Amino acid sequence: MKDQMFIHGDYVGSASGAMFDVVDPSNREVFHRVPRGNGEDIDRAVKAARKAFDDGPWPHMSGSERGAVLRRMGDLIAERRDELARLEVRDNGKPLPEALWDIDDTAGVFHFYADLAERLDNNAEEDIPLGAEGFTSKAVKEPVGVAGAIIPWNFPLLMASWKVAPALAAGCSMVLKPSELTPITALELGDIARKSGLPSGVLNIVTGFGPEAGRALAEHPGVDKLAFTGSVPTGSRIMATAARYIKTVSLELGGKSPLVVFADTPIDEAVAWIMFGIFWNQGEVCSATSRVLIEEAIYEPLMARLVEEARKIEIGHGLEDGVLHGPLVSQSQHEKVLACIEPGKSEARLVTGGGVPKGLEAGCYVEPTIFADMDESAWIWREEIFGPVVCVKPFRTEDEAVRMANDSRFGLGAAVMSADLDRAERVAGAFRAGIVWINCSQPTFTKAPWGGYKQSGVGRELGEWGLNNYLETKQITTFDRSRPWGWYLKNTNG
Ligand code: NAI
Ligand code: MG
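What you see is a predicted model; the values in this text were computed from it and never measured. (Residues numbered from 1 in each chain as written. Chains lettered and ligands numbered in written order. Predicted model: local features only at pLDDT ≥ 70, side-chain atom pairs only at ≥ 80, totals over all residues. Heavy atoms only, no water.)

Colleague: Any chance you could explain the overall build of the protein here in plain terms?
Modeller: On a plain count of helices and strands, the protein comes out with 16 helices and 22 strands. A globule of 494 residues ought to have a C-alpha radius of gyration of about 23 Å, and the protein, at 25 Å, matches this closely. Here the protein holds 494 residues, and the buried ones make up 57% of them. Taking the intrachain contacts of the protein between residues at least 6 apart in sequence as the baseline, contacts between residues at least 24 apart amount to 73%. Accessible surface for the protein amounts to roughly 20200 Å². Of this, 52% is attributable to carbon and sulfur atoms. Charge centroids of the protein, computed over 52 positive and 69 negative side chains, lie 5 Å from each other. (Helix = DSSP H or I, 4+ residues; strand = E, 2+ residues; numbered from the N terminus. Rg over C-alpha atoms; globule rule 2.2 N^0.38 Å. Buried < 20%, exposed > 50% of the residue type's maximum accessible area, 1.4 Å probe, protein only. Contact = heavy atoms within 4.5 Å. Areas by Shrake-Rupley, 256 points an atom, 1.4 Å probe, with all protein chains shown as cover. Lys, Arg positive; Asp, Glu negative; His and termini not counted. Charge placed at Lys NZ, Arg CZ, Asp CG, Glu CD.)

Listed below in structure tokens is the structure:
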């Protein structure tokens with residue numbers, strides 16, 4: 001485990017020498033310490049990134065050359081799969097099989113953007129047919145400059161890859177600030193980048209707290225683009241900060257995503273996706289389908305099965321065999337989720353869960369929790385909890401389901417289940433959300449666009465959309481000198 005930050009190709013301590021604790025949420029024990037970076041460290045990192053961008057060679061290398069570096073980074077991550085996944089379990093708490101998916105996906109993201117970097121060589125320029133005599137024009141894609149990436153703790157290394165891989169593919173240099181709750185896997189990226197041949201200064205990693213290191217990065221005038229994933233209030237603050245120097249921003253924020261289940265869905269299928277939709281990763285998922293709408297005809301039998309299955313979920317340490325549900329990420333998240341559940345009991349019926357599982361009091365564990373019988377105005381129905389808590393309501397008609405699903409200030413994910421695909425497509429079309437699932441909830445693919453409507457964010461990550469976040473577009477228009485033109489001279493000589 002690294003105990004230094006990564007700046008200009010070297011592992012270094014923080015300017016102040018201060019450190020902070022890295023905590024294992026399964027027992028609340030400190031198992032490591034990393035530097036508590038502040039504005040001075042961010043300044044050093046941004047200057048390194050700036051120099052790497054201005055002096056090159058990274059932004060001017062061919063896409064294939066950059067792609068080769070990214071491919072090696074993906075290979076090295078894949079080689080260290082088991083070790084990195086175990087670090088993720090220790091720092092975040094998630095079950096090992098889910099941590100292994102994260103690392104596989106992370107390697108996949110680097111490999112995908114390696115391909116896109118290579119493709120840039122052929123499509124970095126596009127001719128624009130102007131239809132104007134004597135003029136030709138083309139649009140050229142170029143890296144946006146120095147990117148600042150601020151990431152959350154729910155998928156630590158994977159969320160880093162969603163920003164690092166496309167930024168590097170585009171030719172940007174960058175500063176990455178991991179969450180203070182899960183800093184250790186991101187720090188390994190420095191080593192991986194160095195071994196893959198990434199030039200010094202192109203990727204810098206500063207650990208530290210949001211209001212210190214995070215804020216300094218958002219405010220730094222040397223950063224051209226900010227990419228953020230996390231809570232709505234922090235996203236709003238970052239957007240306001242970015243306004244000062246007119247930085248480009250992309251934001252991936254929270255949600256309260258609906259899952260609409262029609263009565264023609266087999267009960268087992270519905271139960272499986274409802275549970276996965278809210279309980280995987282302990283419900284600490286921005287796109288979790290935390291509001292479930294069930295057609296009246298199957299409401300009672302489906303609820304009965306759901307409760308029965310939710311109670312069977314094995315809760316425990318992420319490294320134990322068969323465990324599906326680990327601790328929440330931290331003491332503060334544990335307190336926050338329990339504090340959301342408590343008042344929920346007075347505005348809704350607690351059907352199951354709602355407490356700390358017996359025997360696991362030493363860790364930050366919360367039982368899979370189901371609420372029913374709340375009004376649409378209830379806080380618990382409307383606000384993001386970011387934990388294993390689902391609210392369930394019945395509906396009568398398709399119109400009513402769509403109206404309730406869309407009645408939210410968020411618009412990240414939305415899902416619909418029905419044997420009638422025409423109906424499912426119709427409902428999918430009516431959802432006001434950026435990511436829509438039909439007959440499933442949550443599967444995420446590197447090639448498809450990811451992001452939210454409304455207060456769930458700005459812009460799209462992943463796929464080609466993710467690469468475009470880190471590219472500027474330049475128009476180059478050429479005039480044919482063999483043609484006569486002298487508007488000013490004609491008019492001034494007259
Ligand atoms: P947060 O949004 O405050 O933190 C995310 C990242 O932003 C971290 O790296 C943090 O250090 C940084 N940050 C915090 N304040 C900052 C500031 N003023 N300037 C720049 N960077 C800053 O989320 P936090 O505190 O970890 O969790 C609070 C709640 O946010 C959670 O309970 C959950 O509801 C939500 N959340 C949503 C996520 C998502 O994927 N949509 C991910 C993590 C949290
Ligand atoms: Mg931790």
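Colleague: Is there a simple way to explain unusual backbone geometry in this structure?
Modeller: Note: most peptide bonds trans; most residues except glycine with negative phi. Residue Pro57 follows Gly56 across a cis peptide bond; omega there is 10°. Structurally, the position occupied by Pro57 is in the loop between α1 (39-55) and α2 (63-79). The backbone of His8 sits at a positive phi, close to 50°, despite the residue not being glycine. On the secondary structure map, His8 appears in the loop between β1 (5-7) and β2 (10-12).

Colleague: Sorry if this is basic, but what is going on with the packing of helix α4 (residues 96-123) against helix α5 (residues 156-170) here?
Modeller: A pair of packed helices can be characterised by two numbers: the angle between their axes and the separation between those axes. The interhelical angle for the contact between α4 and α5, taken along N-to-C directions, is 10°, at an axis separation of 9 Å. Taken together, the axes of α4 and α5 lie roughly parallel to each other. Every residue of α5 that contacts α4 at Asp102, Ile103, Asp105, Thr106, Val109, Phe110, Tyr113, Ala117 and Leu120 is listed here: Leu157, Leu158, Ser161, Trp162, Val164, Ala165, Pro166, Ala169 and Ala170. Among the residues forming the contact of α4 with α5, the class breakdown is 14 nonpolar, two polar and two charged. (Axes fitted to C-alpha atoms, helices over the stretch in contact; angles between N-to-C directions. Parallel < 35°, antiparallel > 145°, perpendicular 65-115°, else oblique. Nonpolar A, V, L, I, M, F, W, Y, C, P; charged D, E, K, R; others polar.)

Colleague: What is the right way to read the domain arrangement of the protein from this model?
Modeller: It is common to report an interface's size as the accessible area lost on association of the parts. Segmenting the protein into domains produces domain 1 (5-253 + 456-476) and domain 2 (258-438). Computed over C-alpha atoms, the centres of domain 1 and domain 2 are 31 Å apart. Taken together, the contacts link 25 residues of domain 1 with 32 residues of domain 2. Taken over both partners, the interface formed by domain 1 and domain 2 buries close to 2300 Å², and the fraction arising from carbon and sulfur atoms is 58%. Area buried by domain 1 at its contact with domain 2 is led by Arg28, Trp153 and Ser456, which between them contribute 26% of it. At the surface where domain 1 touches domain 2, the tally comes to zero salt bridges. For the interface between domain 1 and domain 2, the tally reads 13 residue pairs in polar contact (both at pLDDT 80 or more). Of all elements in the fold, only α3 (81-92) and α4 reach the threshold of two or more residues within the side of domain 1 that touches domain 2. Here the element with the most residues in the side of domain 1 that touches domain 2 is α3; it accounts for four residues. By residue class, the composition of the side of domain 1 that touches domain 2 is 10 nonpolar, seven polar and eight charged. (Domains from an automatic or database assignment. Buried area = accessible area lost by both parts, 1.4 Å probe. Salt bridge = Lys/Arg side-chain N within 4 Å of Asp/Glu carboxyl O. Polar contact = N/O pair within 3.5 Å; in protein donor to acceptor, adjacent residues only side chain to side chain.)

Colleague: When you look at the nonpolar core in this model, what are you seeing that I'm missing?
Modeller: Taken as a class, soluble globular proteins show a tendency for nonpolar side chains to be buried jointly. Core analysis: the largest hydrophobic core is formed by 102 residues, its most contacted members being Tyr113, Leu168, Leu176, Leu189, Leu203, Val261 and Ile370. Looking at this core element by element, the count peaks at 13 residues for α4. When residues are assigned to domains, this core turns out to be shared by domain 1 (5-253 + 456-476) and domain 2 (258-438), each giving three or more. In this structure, Val337, Val366, Met374 and Trp381 belong to the second largest nonpolar core, which totals 28 residues. (Core = buried A, V, L, I, M, F, W, Y, C linked by side-chain atoms within 4.5 Å.)

Colleague: Could you clarify how one ought to interpret empty space enclosed by the protein in this entry?
Modeller: Over the atoms, a rolling probe the size of a water molecule traces out where space has been left empty. As enumerated under the stated definition, the model contains three cavities of 30 Å³ or more in all. What the largest cavity holds in volume is close to 90 Å³. Taken together, 14 residues line the largest cavity, and the ones lying closest to its centre are Ala288, Ser290, Glu384, Ile385 and Phe386. By volume, the second largest cavity amounts to about 60 Å³. (1 Å grid on protein atoms, 1.4 Å probe; cavity = no way out; pocket = protein on both sides within 12 Å on 5 of 7 lines; lining within 4 Å. Points joined across faces, edges and corners; volume = space filled by probe spheres on them.)

Colleague: Mind showing me how you'd approach a nonpolar patch on the surface here?
Modeller: A cluster of nonpolar side chains, namely Ile128, Leu130, Phe135, Phe479, Trp485, Trp487 and Tyr488, defines an oily patch on the protein surface of about 790 Å² accessible area. With respect to the element layout, Tyr488 can be found in helix α16 (residues 487-493). (Patch = residues over 30% accessible without salt bridge, like charges linked within 9 Å, V, L, I, M, F, W, Y side chains within 5 Å.)

Colleague: Honestly, the coordination of the magnesium ion (ligand 2) in this entry has me stumped. Any pointers?
Modeller: A metal bound by six donors in octahedral fashion has ideal angles of 90 or 180 degrees, whereas one bound by four tetrahedral donors has an ideal angle of 109.5 degrees. Ligation of the magnesium ion (ligand 2) by protein atoms is provided by Val23 (O), Asp91 (O), Asp91 (OD) and Leu181 (O), these donors lying 2.3 to 2.5 Å from the ion. Expressed as a motif, the donor residue spacing for the magnesium ion (ligand 2) is V-x67-D-x89-L. A residue pair is termed long-range when its members are at least 10 positions apart, and Val23 in strand β3 (residues 19-24) and Leu181 in the loop between β8 (173-177) and α6 (184-195) qualify at 158 residues. The exposure class of Leu181 is partly exposed, given its relative accessible area of 27%. (Donors = N, O, S within 2.8 Å, 3.2 Å for Na, K, Ca; no water.)

Colleague: What should I look at first to understand the layout of surface pockets in this one?
Modeller: When its volume is computed, the largest pocket comes out at roughly 870 Å³. In this structure, the largest pocket is lined by 35 residues; those nearest its centre are Trp153, Phe228, Gly230, Ser231 and Thr234. Looking at which element gives the most residues to the lining of the largest pocket, the answer is helix α8 (residues 232-244), with six residues. Class assignment of the residues belonging to the lining of the largest pocket gives a composition of 15 nonpolar, 11 polar and nine charged. Each of domain 1 (5-253 + 456-476) and domain 2 (258-438) contributes no fewer than three residues to the lining of the largest pocket. Surrounding the second largest pocket, 23 residues form its lining, Asp105, Leu158, Trp280, Gln442 and Thr444 being those nearest its centre. At the level of elements, α4 and α5 are the ones that each hand at least two residues to the lining of the second largest pocket. Of the residues assigned to the lining of the second largest pocket, the class counts are 14 nonpolar, six polar and three charged. Mapping the lining of the second largest pocket onto the domain boundaries places at least three of its residues in each of domain 1 (5-253 + 456-476) and domain 2 (258-438).

Colleague: What is the right way to read the site of ligand 1 from this model?
Modeller: In the neighbourhood of ligand 1, 26 residues make up the surrounding shell, with Trp153, Lys177, Glu180, Ser231 and Lys336 lying closest. Between ligand 1 and Trp153, the relevant distance is 2.6 Å, taken from an oxygen atom to a side-chain nitrogen or oxygen of the residue. Contact distances for ligand 1 include 2.7 Å between an oxygen atom and a side-chain N or O atom of Lys336. Taken atom by atom, the bulk of ligand 1 overlaps the largest pocket. Looking at the shell around ligand 1, the elements that each hand over two or more residues are α7 (210-219), β10 (225-229), α8 and α11 (331-347). Shared between two domains, the shell around ligand 1 takes at least three residues from each, and those domains are domain 1 (5-253 + 456-476) and domain 2 (258-438). (Near = heavy atom within 4 Å. Sits in = over half its atoms within 2 Å of the grid points.)

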